Amino acid sequence: MTPRSFPLFIRRPKLPVMCLLPLLDPFIHPTFRDVFETMPSGDKLRFLYVHSLDRLRLWHKLPVFLGLTYLQQRRTLHERYSLLDVGMPDTTAFDPDDYAYRTDDGEHNDPENSKAGSQNTFFGRNMPPAERKNHLVSPDPAVVATKLLARRSYKDTGKQFNLIAASWIQFMVHDWMDHLEDPEQVVLRAPPLVAHECPLKSFRFYSTKKVATGGEGIETGHLNIQTSWWDGSAIYGSEGKKEAKVRTHADGKLKIGDDGLLQHEVNGIAVSGDIRNSWAGVSALQALFVKEHNAVCDALKASKAFLREEDPRLDDEALFRYARLVTSAVIAKIHTIDWTVELLKTHTMNAAMHANWYGLLGKKIKDTFGHIGGPALGGLVGLKKPNNHGVPYSLTEEFTSVYRMHSLLPDSLKLRNINTDPGPNKSPEYLKDIKMEELVGIRGESTLNEIGFERQVVSMGHQACGALELWNYPFFFRDLVAQNVDGTERPDHVDMPVLEIYRDRERRIPRYNQFRRKLMLIPISKWEDLTDDKEAIETIREIYGDEVEKLDLLVGLMAEKKIKGFAISETAFVVFILMATRRLEADRFFTSYFNEKTYTKRGLKWVNTTESLRDVLLRHYPRTVSKWMNSTSAFSVWDAPPNSFNPIPLLLRFPS
Ligand code: HEM
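Within every chain, residues take consecutive numbers counted from 1 along the sequence as written. Confidence filtering applies because this is a predicted model: local features only for residues at pLDDT of at least 70, side-chain atom pairs given and counted only at 80 or more, and all residues used for totals across whole chains, interfaces and linings.

Looking at an unreviewed UniProt entry, the chain carries the name Alpha-dioxygenase 1, with the source organism given as Musa troglodytarum.

Quick look at the structure:
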């Protein structure tokens, strides 16, 4: 283990900062004073800048270019203090040119650690695990879930974010992570106080498998059964057998039905990379990106005749490998400059996310001159070398926890009629509600077959997704048929909000306040620091008393006052600042190998000319988009007005 935790390197601060130290002490929140003292002077200045803006709650109200400096400095701090390695590296040497493609299990990406990011490697950590006194059942998870999480009535996100956006992030989660389970089962029982409100009075599930890391420091960890790379494993799988199953083995293509939906086995289970615990919304996105993959194969095959510099052996395997690289990059790009921009809808975040992909110099300069300058000016994509900041790439336990976003889902899909003319703002006529129970798992696949791809996507496009707030966890999740890795159904139903509270505790994720401290965010000292909602405070107090240190992370994330335009909490956002960058920057195929040689000329152009999910939908369903999408982004509610022209350059704008 290489813990890059706080006080690893103690350098003597340079003179001017040292003189100022005693003066600054009262200004620094007491919780950070010890850490601050151990920092080298550059980090001290960085911390002071970030901390001052945090204290004033100001960074998101600054003009865009100043807001970006805050994000940049915060990210640097986290790259130095919030990456803890778990497990031992595999230093077996290999020549990266022998693996100029994404392997089925994610191995051979990082030349210094051939297994980094591959299937069945450890989740890393952004902070030390909580102490064992982080009681598993106190307060009772069923009480927390019932009193604070369970939906009372549907709260949505207005026009900002639709059900495609909710499905998209689940599609990503299925690319990134899934914890290996232990054969041992645990039973949770609802206590009498809430049992009458819990559909399952008790339920059983598999505990997370604890595995010895073989390293010092963090002695046990959990394994990710997906590859942690952003490599499209939700459609390709995370190992060879699965990859072989989803391929047609002709012209590099993947299996897809004539109706544009996933194919199915005789038992009704979809044929795709990851089909576990899914629903019709995710299945539709998987099908769309299978079509995208196959279209890339066609384009590459067609270009072969006149693009002489391309590999003459454009056979099935080569076409598949190129198309996987291209499709994965298209997915990563859409997530970066389309999905996230709608999730965090401010000018600063729009600039920040475009800077991650294109750099501050922007698309035009990058398209014309290639990658110029470092990560800030030229962007992360196309960097000369990947950078893992001294810690082998993995996703982290904390990253999993902040993506617990089941409240994004409604309890039913509002099905639309797409066979009539559009109403105002291209809105389709409402037909009927279809309960989520009918859209989940194996049953969901047959319901989707009846609905059809276009109707499903148009209906999701026109429906706002759920807000990440207290009392908004969907009802249907309280009695859910969970699935095995192969998609078969388990006999034991689970109560998801209860299970999620338990999971974070079981995996030793620090509770909310400690989580904030470890992210260098000012902790709360009373409930009023968390939220202005009186009823929320009253209920939280009923359960946790005045013990702010006991507040569960998921409850804190849902209760926290949000930054204007943000659909998620600031606490979750800070984990993203670090990890969203890392997913691109640590990956050879988004940096040193993001070039024509690796992707082909046609393939790289494909990535460079696809800017959004709208572009992908337009490619495959042009009439659906022009008839039913009024909004600019496919992730905002489709009857929203398109973005209006703003003559002020993005970097010079003020938050609205
Ligand atoms: C109908 C749709 C969905 C179903 C049926 C579903 C079901 C599940 C189930 C059964 C688990 C495993 C629980 C456990 O044993 O710990 C899980 C985990 C998870 N889900 Fe969902 N989910 C859905 C949608 C979503 C959405 C929209 C998100 C948004 C990001 C999401 C994020 C996660 C995350 C982060 C985990 C933890 C993964 C891990 O432990 O490695 N899910 N889900």
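Alright, that's what it looks like, and here's the rest.
The next subject is the overall build of the chain. Segments assigned H or I by DSSP are reported as helices when at least four residues long, segments assigned E as strands when at least two residues long, and all are numbered from the N terminus. A tally of helices and strands in the chain yields 26 helices and 12 strands. A compact globule built from 656 residues would reach a C-alpha radius of gyration of about 26 Å, and the chain, at 24 Å, matches this within 12%. Its C-alpha atoms put the chain at 70 × 60 × 55 Å along the principal axes. Neighbour counting defines burial: a residue surrounded by 20 or more other C-beta atoms within 10 Å of its own C-beta is buried, one with 12 or fewer is exposed, and intermediate counts give partly exposed, using backbone-placed C-beta atoms. Relative to its 656 residues, the chain shows a buried fraction of 49%. A residue pair is marked as a contact if its C-beta atoms, positioned from the backbone, fall within 7 Å. The long-range fraction of contacts in the chain, counting pairs at least 24 apart against all pairs at least 6 apart in sequence, stands at 74%. Each radius of gyration reported is based on C-alpha atoms, and the globular scaling rule is 2.2 Å times the count of residues to the power 0.38.

Near, for a residue, is defined by distance from a backbone-placed C-beta atom to a molecule or strand, with 6 Å as the limit that must not be exceeded. Around the ligand, the surrounding shell holds 21 residues, and the nearest of these are Q170, N277, W279, Y403 and M405. Looking at the shell around the ligand, the elements that each hand over two or more residues are α6 (163-176) and α18 (496-506). A total of 4 residues in the shell around the ligand trace back to one element, the largest contributor, which is α6.

What follows is about the domain arrangement of the chain. Residue ranges for the domains originate in an automatic or database domain assignment. We note that the domain assignment places domain 1 (3-83) and domain 2 (96-628) within the chain. Contact residues are listed per partner, giving 21 residues for domain 1 and 24 residues for domain 2. Of all the secondary-structure elements, those providing two or more residues to the side of domain 1 that touches domain 2 are β1 (3-4), α3 (41-55) and α4 (64-81). Counting residues per element, the side of domain 1 that touches domain 2 draws most heavily on α4, at 10 residues. Taken together, the residues of the side of domain 1 that touches domain 2 break down into 7 nonpolar, 8 polar and 6 charged. Here the nonpolar group is Ala, Val, Leu, Ile, Met, Phe, Trp, Tyr, Cys and Pro; Asp, Glu, Lys and Arg are the charged ones; every other residue, Gly included, is treated as polar.

What follows covers the UniProt feature "binding site: heme b" (unreviewed entry) in the chain. UniProt's entry tags H406 with the feature "binding site: heme b" (unreviewed entry), counted in the numbering of this structure. Relative to the elements of secondary structure, H406 occurs in the loop between α15 (397-402) and β9 (412-417). Accessibility expressed as a C-beta count within 10 Å gives 21 for H406, which makes it buried. In this view, H406 contacts Y473, P474, F477 and M496; residues no more than four positions away in its chain are not counted. UniProt positions are given in the numbering used here, feature names are shortened, and annotations may be inferred rather than shown by experiment.

By convention in this section, buried Ala, Val, Leu, Ile, Met, Phe, Trp, Tyr and Cys residues joined through C-beta atoms within 7 Å make up a nonpolar core. Within the largest apolar cluster, 164 residues are counted, with the highest numbers of intra-cluster contacts made by A165, W168 and V326. Looking at which element gives the most residues to this core, the answer is helix α11 (residues 316-343), with 14 residues. Mapped onto the domain boundaries, this core takes at least three residues apiece from domain 1 (3-83) and domain 2 (96-628). Residue contacts for W168: discarding those within four places in its chain leaves L285, W339 and F635.

Here an angle of 0 to 180 degrees is reported between the N-to-C directions of two axes, which are lines fitted to C-alpha atoms, with helices fitted over the stretch in contact. Packing of helix α10 (residues 280-303) against helix α25 (residues 613-620) leaves a shortest axis separation of 10 Å and a crossing angle of 70°. If you check the angle between α10 and α25, you find them roughly perpendicular. Across the interface between the two elements, L288, K291, E292 and A295 of α10 pack against V616, R619 and H620 of α25. Residues belonging to the contact of α10 with α25 are distributed by class as follows: 3 nonpolar, 1 polar and 3 charged. Note on terminology: angles under 35 degrees are roughly parallel, angles over 145 are roughly antiparallel, angles of 65 to 115 are roughly perpendicular, and the others are oblique.

Turning to the environment of G441, a few remarks are in order. As for its placement among the helices and strands, G441 is situated in helix α16 (residues 441-451). A tally of 24 C-beta atoms within 10 Å means that G441 is categorised as buried. Between the alpha carbons of G441 and G382 there is a distance of 38 Å; along the sequence they are 59 residues apart. Look past the residues within four positions of G441 in its chain and what remains in contact with it is V481, Q483 and E489.

Moving on, we come to the packing of α10 against helix α17 (residues 453-461). Two quantities define a packed helix pair, namely the angle between the axes and the distance from one axis to the other. Contact geometry for α10 and α17: axes closest at 10 Å, N-to-C directions at 120°. Relative to α17, the element α10 lies oblique. Where α10 crosses over α17, the handedness of that crossing is left-handed. Mapping the contact onto sequence places A280, G281, A284 and A287 in α10 and F453, Q456, V457 and M460 in α17. Taken together, the residues of the contact of α10 with α17 sort by class into 6 nonpolar, 2 polar and no charged. Helix crossings get a hand from a simple test, with the near helix turned counterclockwise from the far one by less than a right angle marking a left-handed crossing and a clockwise turn marking a right-handed one.

Every helix has an expected span of 1.5 Å times one less than the residues it contains. Spanning 14 residues, α6 covers 20 Å between terminal C-alpha atoms, matching the ideal 20 Å at 1.5 Å per step. Of all 14 residues that make up α6, 13 are buried, and the element is covered over most of its length.

Our next topic: the environment of Q119. Note that Q119 resides in the loop between β2 (83-84) and β3 (121-122). The class of Q119 is buried, set by 25 C-beta atoms lying within 10 Å. Ignoring any residue separated from it by four or fewer positions in sequence, one finds Q119 in contact with D105, G106, I225, Q226, T227, S238 and E239.

Moving on to the environment of V290. Tracing the backbone through its elements, the reader meets V290 in helix α10. V290 sits in the buried class, given 26 other C-beta atoms within 10 Å.

Looking now at unusual backbone geometry. Along the chain, S138 connects to P139 via a cis peptide bond; the corresponding omega equals -10°. As for its position among the elements, P139 is in the loop between β3 and α5 (141-149). A positive phi angle, near 55°, is found at H389, a position not held by glycine. The topology assignment puts H389 in the loop between α14 (375-378) and α15. According to the C-beta neighbour criterion, H389 is partly exposed, with 17 such atoms within 10 Å.

Detailed reading of predicted coordinates is not advised where the pLDDT is low. pLDDT is defined as a per-residue confidence score from the predictor, taking values between 0 and 100. This prediction gives the chain a mean pLDDT of 94; 95% of its residues lie at or above 70. Long-range and interchain partners of residues 1-14, a stretch whose pLDDT sits below 50, account for 32 contacts in this model, where long-range means more than four residues apart.

Attention now goes to helix α24 (residues 601-608). Every buried residue belonging to α24 is among G603, L604 and W606, and all of these are buried. Down the axis of α24, the buried set is contained in an arc of 150°. They therefore lie on one face. Those residues of α24 hidden inside the fold are in contact with α10, α11 and α23 (596-599). Here the arc refers to the directions that run from the helix axis out to each C-beta atom.

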